[in-house]
Amino acid sequence: MSVLSSSSSSSSFVLTCLLIITFHSSNCLAKDTNATRRHRQVSSDYYATSCPQLEQLIGSVTSQRFKEEPVSGPATIRLFFHDCFVEGCDASILISSKPGSKQLAEKYAEDNKDLREEGFETIMKAKALVESKCPGVVSCADILAIAARDFVHLAGGPYYQVKKGRWDGSISMASRVAPNIPRANSTVDQLLKLFGSKGLTAEDLVVLSGAHTIGFAHCRNFVSRLYNYRGTKQPDPAIDPRLLKALTMSCPRYGGNTDIVAPFDVTTPFLFDHAYYGNLEAKLGLLATDQGLFLDPRTKPVVQALAKDKNKFFQAFAAAMEKMGSIGVKRGGKHGEKRKDCSMHIS
């Protein structure tokens, strides 16, 4: 793990900070009292008979996209997070608003404007291929869950079985996004409350935040840390001076290129590993929400444990993704559908 305590690791840090580049986007993430029941609704062999080649079909798309459009990885993982936290894991994030409709779909919400098109395109390509082999069988929600797992693994992370059987949701409303999505400046209290409302624990919060081991964030998501942290008119004291200098050079307080982004993980930004947690210990977290996990006594011990053990992180991440992937699972009937086009409701 890269901890910036030597001259070589310092050089790595400086080199990585130069990765703050013009790159159009990407960040790379009701109380669940029925979690056990919902877990029983999905299974890893759900399509064993109806579409046995499903994972190979999706895998052919994700592996190609990873080579040709690497940003598709963090974009798709983030898409899965944003989908599950609003209305549950039901592909409602993929719906496009109907022409002339006054009601905007989820993807058009202000908090979803940074979601990269590469994530949406990956799911559309995978869906088209799956439909050509198994028409009308596989939901967009399951394709999104499998694709997110594929990209975690392709970037160097764990491979885990994805339970399937989700149906696609029939509701997609932009107005429901803001109360259900973490903000870049959320406090740990706010994060714990939000994750708790989804049936997720403080440990789940820290583990799932580890997805920030890959991906990038726009300057506007962290610029207040650089110049006016929580109204103090001073930088956030919990940010390493070297990182502060690198970020202020690329992210001016006013104006600047709105397409500039910086890596969440300044040491190994393209590798899915546990360096993210070591970065937090070294005051190298990019977002206030990231660094806050190390500062808060309720989450700090988890950060420290994961920073020491990559295998522990991988095991915990796989379990947390399964748990998150079971939020708000839809079945058939009035609340569920299986779309042929992931961007359009059936009716």
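Each remark here, short or long, concerns the structure printed above.
Because the structure is a prediction, the values reported are computed rather than measured.

**With respect to the pairing of strand S4 (residues 260-263)**
Remember that side chains alternate between the two faces of the sheet whenever the strand is regular.
Consideration 1: Side chains Ile260 and Ala262 of S4 all project onto a buried face; the interleaved residues Val261 and Pro263 project onto the opposite face, where all are buried too.
Consideration 2: Looking at chain direction, strand S3 (residues 216-218) and S4 are connected through 3 bridges and run antiparallel. In the strand pairing of S4, Ala217 is matched with Ala262.

**Let's talk about the packing of helix H8 (residues 202-209) against helix H13 (residues 300-308)**
Consideration 1: Running from amino to carboxyl end, H8 crosses H13 at an angle of 45°, the nearest separation of the two axes being 9 Å. As summarised for this structure, H8 and H13 are arranged oblique, according to the angle between their axes. Judged by the sense of rotation from one axis to the other, the crossing of H8 with H13 is right-handed. In this structure, H8 contributes Glu203, Val206 and Val207 to the contact, and H13 contributes Val302, Val303 and Leu306.

**As for the pattern of salt bridges**
Consideration 1: By the definition in use, this model includes 20 salt bridges.
Consideration 2: Its salt-bridge partner being Arg116, residue Glu118 comes within 2.7 Å of it at the nearest N-O pair.
Consideration 3: Judged by relative accessible area, which is 13%, Glu118 ranks as buried.
Consideration 4: Assessed through its relative accessible area of 12%, Arg116 is described here as buried.
Consideration 5: Note that Asp142 and Arg166 form a salt bridge whose closest N and O atoms lie 2.7 Å from each other. Taken together, the positions of Asp142 in helix H6 (residues 140-154) and Arg166 in the loop between H6 and strand S2 (168-169) put the pair 24 residues apart, joining distant regions of the chain. Just as Asp142 is buried, Arg166 falls in that class too.
Consideration 6: Among the charged side chains, a salt-bridge network with shared partners connects Glu55, Arg149, Asp150 and Lys164.

**A short note on the environment of Asp189**
Consideration 1: As for its placement among the helices and strands, Asp189 is situated in helix H7 (residues 188-197).
Consideration 2: Here Asp189 falls in the partly exposed class, since its relative accessible area comes to 48%.
Consideration 3: Once the C-alpha coordinates of Asp189 and Arg298 are considered, the two residues, 109 residues apart in sequence, prove to be 9.8 Å apart.
Consideration 4: Among the polar contacts made by the side chain of Asp189, one reaches the side chain of Arg298 at a distance of 2.7 Å.

**Description of the nonpolar core**
Consideration 1: Counting 74 residues, the largest nonpolar core has Phe80, Leu94, Leu208, Phe317 and Met324 as its most contacted members.
Consideration 2: Among the elements that take part in this core, H6 stands out by supplying 10 residues, more than any other.
Consideration 3: With 18 residues, the next largest nonpolar core counts Ala184, Phe222, Leu247 and Val266 among its residues.

**Here's the deal with the packing of aromatic side chains**
Consideration 1: Under the counting rule described, the total for this entry stands at 10 aromatic pairs.
Consideration 2: The interplanar angle of 50° and the centroid separation of 6.3 Å between the aromatic rings of Phe272 and Phe314 together place this pair among those described as tilted. Placement of Phe272 in the loop between S4 and helix H11 (275-281) and of Phe314 in helix H14 (residues 310-324) is noted, with a sequence separation of 42 residues between them.
Consideration 3: For Phe272, a relative accessible area of 1% gives the class buried.
Consideration 4: On the accessibility criterion, Phe314 (13% relative accessible area) is buried.
Consideration 5: Between Phe272 and Phe317, the ring centres sit 5.1 Å apart and the planes meet at 65°, which makes this aromatic pair edge-to-face. Placement of Phe272 in the loop between S4 and H11 and of Phe317 in helix H14 is noted, with a sequence separation of 45 residues between them. Exposure class is identical for Phe272 and Phe317. Each is buried.
Consideration 6: In this arrangement the basic side chain of Lys107 is found over the ring face of Phe120, its NZ or CZ atom lying 4.5 Å from the centre.

Parameters and conventions
- Residues numbered from 1 in each chain as written.
- Predicted model: local features only at pLDDT ≥ 70, side-chain atom pairs only at ≥ 80, totals over all residues.
- Heavy atoms only, no water.
- Buried < 20%, exposed > 50% of the residue type's maximum accessible area, 1.4 Å probe, protein only.
- Helix = DSSP H or I, 4+ residues; strand = E, 2+ residues; numbered from the N terminus.
- Pairing = 2+ DSSP bridges.
- Axes fitted to C-alpha atoms, helices over the stretch in contact; angles between N-to-C directions.
- Parallel < 35°, antiparallel > 145°, perpendicular 65-115°, else oblique.
- Left-handed = near helix turned anticlockwise from the far one by under 90°.
- Contact = heavy atoms within 4.5 Å.
- Salt bridge = Lys/Arg side-chain N within 4 Å of Asp/Glu carboxyl O.
- Polar contact = N/O pair within 3.5 Å; in protein donor to acceptor, adjacent residues only side chain to side chain.
- Core = buried A, V, L, I, M, F, W, Y, C linked by side-chain atoms within 4.5 Å.
- Phe/Tyr/Trp six-rings, centres within 6.5 Å; stacked < 30°, edge-to-face > 60°.
- Lys NZ or Arg CZ within 6 Å of the ring centre and 35° of its normal.

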